[in-house]
Amino acid sequence: MTDVPKISLRGVAKAFGEKQVLSGIDLDIAAGESVVVIGGSGTGKSVLIKCILGILEADTGTIAVDGQNVMHLESNARDATNAKFGMLFQGGALFDSLPVWENVAFGLRARDRHLSRDTARAQAIETLAKVGLDEQVADLAPSELSGGMQKRVGLARAIAGRPEIVFFDEPTTGLDPIMSDVINDLIVSTVKKKGITALSITHDMQSARKIGDRIAMLYEGKLIWVGPAADVDSTENPYVQQFVHGRAEGPIKMQVRR
Amino acid sequence: MNLLALIGRVVLDFLAHLGRLTIFAGTAISHCFRPPIYGRLIVKQFIDIGFYSLPVVGLTAIFSGMVLALQSYTGFARFSAESAIANVVVISLTRELGPVLAGLMVAGRIGASMAAEIGTMRVTEQIDALTTLSTNPFKFLVVPRLIAGLLMLPVLVLIADIIGVAGGYVVGVYKLGFNPATYINNTYDAMEALDVISGLVKAAAFGFIIALMGCYNGYHSKGGAQGVGAATTNAVVSSSIAILIVNYVITEMFFGT
Ligand SMILES: Nc1ncnc2c1ncn2[C@@H]1O[C@H](COP(=O)(O)OP(=O)(O)OP(=O)(O)O)[C@@H](O)[C@H]1O
Ligand SMILES: [Mg+2]
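Reference entry: report on the structure contained in this document.

Conventions and cut-offs
Residues numbered from 1 in each chain as written. Chains lettered and ligands numbered in written order. Predicted model: local features only at pLDDT ≥ 70, side-chain atom pairs only at ≥ 80, totals over all residues. Heavy atoms only, no water. Helix = DSSP H or I, 4+ residues; strand = E, 2+ residues; numbered from the N terminus. Buried < 20%, exposed > 50% of the residue type's maximum accessible area, 1.4 Å probe, protein only. Contact = heavy atoms within 4.5 Å. Areas by Shrake-Rupley, 256 points an atom, 1.4 Å probe, with all protein chains shown as cover. Lys, Arg positive; Asp, Glu negative; His and termini not counted. Charge placed at Lys NZ, Arg CZ, Asp CG, Glu CD. Patch = residues over 30% accessible without salt bridge, like charges linked within 9 Å, V, L, I, M, F, W, Y side chains within 5 Å. Salt bridge = Lys/Arg side-chain N within 4 Å of Asp/Glu carboxyl O. Buried area = accessible area lost by both parts, 1.4 Å probe. Polar contact = N/O pair within 3.5 Å; in protein donor to acceptor, adjacent residues only side chain to side chain. Nonpolar A, V, L, I, M, F, W, Y, C, P; charged D, E, K, R; others polar.

## Quick look at the overall build of chain B
Here's step 1: Secondary structure summary: chain B contains 9 helices and 0 strands in total.
Here's step 2: Counting helices and strands in the order they occur from the N terminus, chain B gives α-α-α-α-α-α-α-α-α.
Here's step 3: By the burial criterion, 47% of the 257 residues in chain B qualify as buried.
Here's step 4: Counting contacts in chain B only where the partners sit at least 6 residues apart, residues at least 24 apart contribute 85% of the total.
Here's step 5: Accessible surface for chain B amounts to roughly 12300 Å². Of this, 72% is attributable to carbon and sulfur atoms.
Here's step 6: Averaged over its 14 positive side-chain charges, chain B has a centre that lies 9 Å from the centre of its 12 negative ones.

Laid out in structure tokens, this is it:
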């Protein structure tokens, strides 16, 4: 049973018109494992996650969750599969028409429509506490929060439904180094320590080392390197070296012009 | 040769849009009949579309009724003006002006705001977030708006008909000096059930079109604030044109030889 990977990708490819973004991704993520995908801007990291979530349809390849194929699901089956997932979006994607607590409780109420408002609110406040936000925040609108607080609310929304798998799209981007570390710690305490499977995306190597068991590097539509987080600094792979050390010179040529 | 290519491209573009719109409408309608249905959101849309459009639609209707009475008086003054004017006001309002004017006003008000709201949710990934929280965006965003548009526009138009006729009465009685009792009698005589019903059928169709165009354009908007702006414009323009075309088709169905 434990041998079945939680998430299994085989030959996943996705193009937008002429532009081949992903060209054959193979990746297995074991239950309870935390994998971090690194890679330059525009290499398709967000697209990869969106394919797994069913927001985008991969062109070819297979995606399986708990050994079940999850491609081309009809809407109710998709909703059922997505009940296993929690997602922190790159831009937060908080519902600006709803107060913070309703954002956090949204998934709970969608999955259990008999859940009373008071119970949902209590659970939302409990989850907010886990990410270090107090009750006063619950009734504010998302637009009244700072970027760091919005990330935390997004994190709370992602974990509120007790997902088996969470996806973090650049959880620390745009935050100061201290707040980044706070978010990293929150991810470690709310996800890694709880045995939740995680797939994260980041540019931030410090964050990658801290939250990842394994690190994978995406370049030109393929995972060119996958290895334990501890090896990322010592690998000979020139692409990974260049990325980790942030050098302009090296095999990776930034496409300044498209 | 270049001109032909241009025409071809425009036609193909149009057909592609039409195809996507049809699929969108089909998906949305199929979700209307599959639970869960969000009753609370439908009520909210009822209030947004029905209640808050009342001032705009009411003002449009009353002045249309008034100007109809005034204009037709010029033409009919020499004949039996009293019965003719009541006739013109009630028939033109119930058959045409009530539904079309209300439709166009609501297209500007509601179609635009639907496209802007859903479009913003699209470009800020809130629609994607809905899916990840096990909520189907069609059921959550599109279905309530379609149902509310379909049901609320006939109500608005019925109210517009009444207000418009009242406007005609005000001008007829207080400005043109007709006998109030006779004017009301003439109005009753001129009123036909079929006229009113055809107007309400039109209204339902227009309400559906407005909500569909608003949701469709918002749902498929891309590229940030500019994309949302374009979606809003498209929603208003395309629903206005569709309203005028469908208006002709329904008129043909009811009254065409
Ligand atoms: N819906 C879409 N339609 C067309 N092209 C898209 C779409 N989504 C993404 N792309 C393209 O796919 C490529 C990868 O985008 P993606 O958002 O996955 O990048 P990323 O690796 O997450 O970058 P970043 O680190 O900057 O977030 C980009 O070139 C983008 O233009
Ligand atoms: Mg991204």
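## Quick word on a positive patch on the surface
All names here are of chain A.
Here's step 1: A cluster of like positive charges, contributed by Lys130, Arg162, Lys193 and Lys194, occupies part of the molecular surface.
Here's step 2: As for its position among the elements, Lys193 is in the loop between helix 6 (177-190) and strand 8 (197-201).
Here's step 3: Under the relative-accessibility criterion, Lys193 is labelled exposed at 66%.

## A look at the interface of chain A and chain B
Here's step 1: At the interface, 24 residues of chain A touch 20 residues of chain B.
Here's step 2: Together, the buried faces of chain A and chain B total about 1800 Å²; carbon and sulfur atoms form 52% of this surface.
Here's step 3: Our enumeration of links across chain A and chain B arrives at 1 salt bridge.
Here's step 4: A salt bridge links Glu125 of chain B to Lys50 of chain A; the nearest nitrogen and oxygen atoms lie 2.7 Å apart.
Here's step 5: The interface formed by chain A and chain B includes 7 residue pairs in polar contact (both at pLDDT 80 or more).
Here's step 6: For the side of chain A that touches chain B, the elements supplying multiple residues, two or more each, are helix 1 (45-53), helix 2 (75-82), strand 6 (85-88) and helix 3 (100-111) of chain A.
Here's step 7: Tallied by class, the residues present in the side of chain A that touches chain B amount to 11 nonpolar, 6 polar and 7 charged.

That is the geometry; function is a separate question.
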